[in-house]
Amino acid sequence: YKFEDVLDELLAMLCKFTTLLNPFSSLEETLFSFAEDVKPKIATLTVFTIANKFGDSIRSGWRNIVDCLLRLKKLKLLPPSLSGAEVEAPADRLDLDVPLHSRAESCVVLPLNMNSEGRFSSLMGKFTAFLSAESNDERMSTGSRSIIDKTLQFINQCCIDSIFSKAKYLDDDSLQHLGRALLMAAAGRTQKFTSPLDEEDTAGFCWDLIVMITVPNLNRFMSFWPAFHEYLAMTSQLPIFASCPFVEKSLCSLLNISKKLLLQSDSQSEELIFKSLQVIWRIDGQVGDACCEEITQLAANVLIEDAKKIQTEFGWQSVLAVLSMGARHPEAFNDGIEALIFLMSANGAYLTSTNYNMCIETAFSFAASKVSSIEQSKQLIDLMADSMPLLISWHHCGFADPDSSVNSGSSSSFAIQDSSGSSTSCTTTMFMKLVENLRKMCLIRREEIRNYAVSLLRRCFVKAEELGLTSSAFMLCFNNVAFAMADDLLEKAVEYSRRENSEKEMHSTEGTLILSMEFLADTYVQFLPLISTSSGFKSFWLGVLRRMDACIMAELGGSDSLKILVQDLLRRMIIAMKERNILMQKEDNELWDVTVTQILKIAPAVKDELLSEN
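Residues numbered from 1 in each chain as written. Predicted model: local features only at pLDDT ≥ 70, side-chain atom pairs only at ≥ 80, totals over all residues. Heavy atoms only, no water.

Under an unreviewed UniProt entry, the name given to the chain is Mon2/Sec7/BIG1-like HDS domain-containing protein, and the source organism is Nymphaea colorata.

**Things to note about the nonpolar core**
Counting 194 residues, the largest nonpolar core has Phe164, Phe431 and Tyr524 as the members making the most contacts within it. Take this core: its biggest share by element is 14 residues, from helix H21 (residues 471-497). Among the domains, domain 1 (284-400 + 421-469) and domain 2 (501-613) are the pair contributing at least three residues each to this core. Other than its neighbours up to four places away in sequence, tyrosine 524 contacts Phe478, Ile531, Phe537, Phe540, Trp541, Val544, Met573 and Met577. (Core = buried A, V, L, I, M, F, W, Y, C linked by side-chain atoms within 4.5 Å. Buried < 20%, exposed > 50% of the residue type's maximum accessible area, 1.4 Å probe, protein only. Helix = DSSP H or I, 4+ residues; strand = E, 2+ residues; numbered from the N terminus. Domains from an automatic or database assignment. Contact = heavy atoms within 4.5 Å.)

**Here's the deal with the packing of helix H20 (residues 447-463) against helix H22 (residues 503-526)**
Where H20 contacts H22, the two axes come as close as 10 Å, and the packing angle between them is 0 degrees. It follows from the interaxial angle that H20 and H22 lie roughly parallel. Two secondary-structure elements touch here, H20 through Glu447, Arg450, Asn451, Val454, Leu457, Arg458, Phe461 and Val462 and H22 through Ser508, Thr509, Thr512, Leu515, Ser516, Phe519, Asp522, Thr523 and Gln526. Here the contact of H20 with H22 is built from residues that sort into six nonpolar, seven polar and four charged. (Axes fitted to C-alpha atoms, helices over the stretch in contact; angles between N-to-C directions. Parallel < 35°, antiparallel > 145°, perpendicular 65-115°, else oblique. Nonpolar A, V, L, I, M, F, W, Y, C, P; charged D, E, K, R; others polar.)

**Focus: helix H11 (residues 244-262)**
For H11, with 19 residues, the first-to-last C-alpha span of 27 Å sits near the 27 Å given by 1.5 Å per residue. Among the 19 residues that make up H11, 15 are buried, leaving the element largely enclosed by the rest of the structure. (Expected span 1.5 Å × (residues − 1).)

**Focus on a nonpolar patch on the surface**
There is a patch of nonpolar side chains on the surface, built from Tyr1, Phe3 and Val6 and spanning about 450 Å² of accessible area. Here valine 6 shows up in helix H1 (residues 4-17). (Patch = residues over 30% accessible without salt bridge, like charges linked within 9 Å, V, L, I, M, F, W, Y side chains within 5 Å. Areas by Shrake-Rupley, 256 points an atom, 1.4 Å probe, with all protein chains shown as cover. Salt bridge = Lys/Arg side-chain N within 4 Å of Asp/Glu carboxyl O.)

**Some points on the pattern of salt bridges**
Under the definition given, this model contains 22 salt bridges. Here lysine 249 and glutamate 200 are joined by a salt bridge, their closest N and O atoms 3.9 Å apart. In this pair, lysine 249 is assigned in helix H11 and glutamate 200 in helix H9 (residues 196-214), connecting sequence segments 49 residues apart. Judged by relative accessible area, glutamate 200 falls into the partly exposed class, the value being 34%.

**A few points about the packing of aromatic side chains**
Counted according to the given criterion, the structure contains 21 aromatic pairs. Ring centres 5.4 Å apart and planes at 25 degrees place the aromatic pair tyrosine 524 and tryptophan 541 in the stacked group. Pair noted here: tyrosine 524 is in helix H22 and tryptophan 541 is in helix H24 (residues 537-553), with a separation of 17 residues, a long-range link. The exposure classification of tyrosine 524 matches that of tryptophan 541, with both residues buried. Within the aromatic cluster, the residues linked to one another by ring pairs are Phe431, Phe461, Phe474, Phe478, Phe483, Phe519, Tyr524, Phe527, Phe540 and Trp541. Over the ring of phenylalanine 364 we find lysine 440; its NZ or CZ atom is 4.4 Å from the centre of that ring. Over the ring of tyrosine 496 we find lysine 492; its NZ or CZ atom is 5.9 Å from the centre of that ring. (Phe/Tyr/Trp six-rings, centres within 6.5 Å; stacked < 30°, edge-to-face > 60°. Lys NZ or Arg CZ within 6 Å of the ring centre and 35° of its normal.)

**Side note on H20**
The end-to-end C-alpha distance of H20, which contains 17 residues, comes to 25 Å, matching closely the 24 Å that a straight helix rising 1.5 Å per residue would cover. Looking at H20, one finds that the buried residues are Ile449, Arg450, Ala453, Val454, Leu456, Leu457, Cys460 and Phe461.

**Details of the environment of phenylalanine 274**
Its location among the elements puts phenylalanine 274 in helix H12 (residues 267-283). Taking the C-alpha atoms as reference points, phenylalanine 274 and tryptophan 316, separated by 42 residues in sequence, lie 8.8 Å from one another. Not counting chain neighbours up to four residues away, the residues in contact with phenylalanine 274 comprise Ser258, Phe314, Gly315, Ser318 and Val319.

**Notes on the environment of methionine 475**
Along the chain, the position of methionine 475 falls in helix H21. With 59 residues separating them in the primary sequence, methionine 475 and serine 534 have C-alpha atoms 9.7 Å apart. Excluding its chain neighbours within four sequence positions, the residues that come into contact with methionine 475 are Ile531, Ser534, Gly536 and Phe540.

**What to know about the environment of glycine 61**
Topologically, glycine 61 is positioned in helix H4 (residues 61-74). The exposure class of glycine 61 is buried, given its relative accessible area of 0%. C-alpha separation for the pair glycine 61 and valine 6, spaced 55 residues apart in sequence, amounts to 9.8 Å. Beyond its immediate chain neighbours, meaning those up to four positions away, glycine 61 contacts Asp8 and Leu11.

**Some points on the side chain of histidine 395**
Relative to the helices and strands, histidine 395 is located in helix H18 (residues 388-396). Exposure remark for histidine 395: the relative accessible area of 17% places this residue in the buried category. Among the polar contacts made by the side chain of histidine 395, one reaches the main-chain carbonyl oxygen of leucine 467 at a distance of 3.4 Å. (Polar contact = N/O pair within 3.5 Å; in protein donor to acceptor, adjacent residues only side chain to side chain.)

**Digging into the confidence of the model for the chain**
For the chain, the average pLDDT comes to 84, and 83% of its residues sit at 70 or higher. Within the model, the stretch residues 84-121 combines pLDDT values under 50 with 80 contacts to residues more than four positions away or in other chains. (pLDDT = per-residue confidence, 0-100.)

**Some points on the side chain of serine 534**
Mapping serine 534 onto the fold places it in the loop between helix H23 (528-531) and H24. Residue serine 534 is classed as buried on the basis of its relative accessible area, which comes to 17%.

**Some points on unusual backbone geometry**
In this structure, cysteine 159 takes a positive phi of about 55 degrees despite not being glycine. Following the sequence through the fold, cysteine 159 ends up in the loop between helix H6 (147-156) and helix H7 (160-165). Its relative accessible area of 1% is what places cysteine 159 among the buried residues. Positive phi, normally seen in glycine, also occurs at asparagine 501, with a value near 55 degrees. As for its placement among the helices and strands, asparagine 501 is situated in the loop between H21 and H22.

**Some details on the packing of H1 against helix H3 (residues 38-53)**
The N-to-C vectors of H1 and H3 enclose an angle of 145 degrees; their axes lie 8 Å apart at closest approach. Considering how the two elements wind past one another, H1 and H3 form a crossing that is left-handed. Judged by residue contacts, Leu7, Leu10, Leu11, Leu14, Cys15 and Phe17 of H1 engage Lys39, Pro40, Ala43, Thr46, Val47 and Ile50 from H3. (Left-handed = near helix turned anticlockwise from the far one by under 90°.)

Below, the structure is given as structure tokens:
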């Protein structure tokens, strides 16, 4: 009669009679209660019979049923089939592979009180059969079978596992309420945890059941998971909620579900599952060491096996964020870097305009990691720089991914027009992401990696002319990379020069600074034809001169290497400007006047040599 609220009340009452909801009873007390009093057994049998036969009509009653399950788990009375493995019906149980509404009385295998059709005539008939079986069992017992064995056999006959293995037959409302009950239990909102181990076990058990009821229902994912997502968001916002086990088990389970879901190639479902993953990620981004290796392996497996199936930005962002955890943990590092190398190799087969920026950032996190070897860091830096031909290809083909089937329509999210109406900002944005992350590599502590990153930066800028950069875009990029790198390295070198016992670090940083200043001057000369006609050129040139002046003025332990280099670089840049008639002595030439003034201050010898007034 669809009286769901009445059924929920009935289940709440019956669950109390099971004696399982008494959190203070011990295993021995519960076993004694089951052995000495038939009422808890009948109540337990009734609860799980209703759950099997009338699961479609249960709503809030699932919470009471889940509470009973958790108690049975703590008492170690659950059947082995609910340990998280695939559920299979025991050989001595009837076949339950029929729709929920057709299972009738098949959940208790007792041979008595059956009608002519071989079925129990009523629920009361089942109880009668149960009591008769108990009496027969007592008479047949030789005394060798323990109480706990008999209790386990009774629990097994309750067919608890079939509730979850046949969840594909539950309607949407019932499934949503079951999911809510499991999520709240996993977060410890229905029963208090007695220990950290109890918290971890409960979270893992509940999430295993969530996976168990979700995977068979992926064909109708969008009809029930939006409610699950809301429950997750609500749980994460509860006060004093910072459950590390909940986060760890959630991430593992959601990644497992997402891997199955990707096979369906449904972008809407994919985005929703990864939104759920991000909800969990925001609870505790610093997930503990205990589960990091497992989580990183799962994320790596998704990338290696299903990279081309990921369609959404949310999907890439989520999987790569989880993978990045491995950059901080030695045990998980190799799995993470293996997946990343796979993703960024193969001539860019797996790189798209949707995932490019995120892949570059993830590569930086691994390359800059203290866990990474010098060879591994160099390999990742190479892969980052080797993506330049891909950017050039995207630029020449109108910014569509070469393999449009990989990410149909995704490139539109990056096709941002600049003020001139050109969509060059698409690849410009990605180029800026690349070189800014290479710049950050130039600031880490290991000198060999710093210097290697500078050389790769130079290589990227040499190829950048094919990207069709505007003068304003180049100057912005140069300011964020070349100027910023020179400023940071000089500041660090000066800091070391003033610190005791840091002479080695000072000379090491100075060496990288020298390379960065050479890169600055070379790149300036390379793009001089592009930027010289810009209205902001004079200010840009003064920015170059300020960096040269700062290097000349810096006191680095008596070393003159940097000062000598700066004078040579100034000569190179001024000669290039004069050859292109950019810097010429003529009346009211403000660029000439300001250059003469600044060079006189920075390097008088260069002024006399190249800028002497007629």
